[in-house]
Amino acid sequence: NAIGDVPTNGGTVFRWSAHENTVLSSLLSSSEISCLLSVEEHAALSALLNNGSHAMIDLCKLAQNYFYVDGSGGSSSIKKLLTPTMTVSSHLRDIYEKPSYNGK
């Protein structure tokens, strides 16, 4: 339910490439899933799709166009970027090396 609140609460949803958009689109077009959603929930989730009013931000495109890190081999695959990015960023290591980085 929280992801459906994003268009109304001003938050941002990130995605990596087309996967999340494809899955959400498929779920919303499924009669088995759609019947479980209220009209408001369906509208809020639809807003997150590519042509929606609050489309998810594709971090893969951002990485392809503006990010390079040694050790990635020039790849924009999250599998190739994650380890070298964590290696070179002490700030990210400080956040994510703890067993729980969300304070719980």
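Residues numbered from 1 in each chain as written. Predicted model: local features only at pLDDT ≥ 70, side-chain atom pairs only at ≥ 80, totals over all residues. Heavy atoms only, no water.

A short note on the overall build of the protein
Next up, step 1: Counting secondary structure elements, the protein contains 7 helices and 2 strands.
Next up, step 2: Secondary structure elements of the protein occur, N-terminal to C-terminal, as α-β-α-α-α-β-α-α-α.
Next up, step 3: Within the span of the protein, comprising 104 residues, buried residues form 22% of the whole.
Next up, step 4: Taking contacts inside the protein between residues at least 6 apart in sequence as the whole, the part at least 24 apart equals 49%.
Next up, step 5: Carbon and sulfur atoms make up 56% of the accessible area of the protein, which amounts to about 7,500 Å² in all. (Helix = DSSP H or I, 4+ residues; strand = E, 2+ residues; numbered from the N terminus. Buried < 20%, exposed > 50% of the residue type's maximum accessible area, 1.4 Å probe, protein only. Contact = heavy atoms within 4.5 Å. Areas by Shrake-Rupley, 256 points an atom, 1.4 Å probe, with all protein chains shown as cover.)

Notes on the side chain of R15
Next up, step 1: Among the structural elements, R15 can be located in strand β1 (residues 14–15).
Next up, step 2: For R15, a relative accessible area of 9% gives the class buried.
Next up, step 3: A polar side-chain atom of R15 sits 2.4 Å from the main-chain carbonyl oxygen of S17.
Next up, step 4: Engagement of the side chain of R15 in a polar contact is seen with the side chain of N50, the distance being 2.8 Å.
Next up, step 5: Excluding anything up to four places from it in sequence, R15 contacts E20, N21, N50, M56, I57, D58, L59 and C60. (Polar contact = N/O pair within 3.5 Å; in protein donor to acceptor, adjacent residues only side chain to side chain.)

What to know about the pattern of salt bridges
Next up, step 1: Evaluation of the coordinates by the stated rule reveals 1 salt bridge.
Next up, step 2: Across the salt bridge formed by D58 and R15, the nearest N and O atoms sit 3.9 Å from each other. You can see D58 sitting in strand β2 (residues 57–58) and its partner R15 sitting in strand β1, a full 43 residues away along the chain.
Next up, step 3: Given a relative accessible area of 12%, D58 falls into the buried group. (Salt bridge = Lys/Arg side-chain N within 4 Å of Asp/Glu carboxyl O.)

With respect to the environment of L48
Next up, step 1: With respect to the element layout, L48 can be found in the loop between α4 (39–46) and β2.
Next up, step 2: Take L48: its relative accessible area is 0%, and that puts it in the buried class.
Next up, step 3: Taking the C-alpha atoms as reference points, L48 and N21, 27 residues apart in sequence, are found 8.0 Å from one another.

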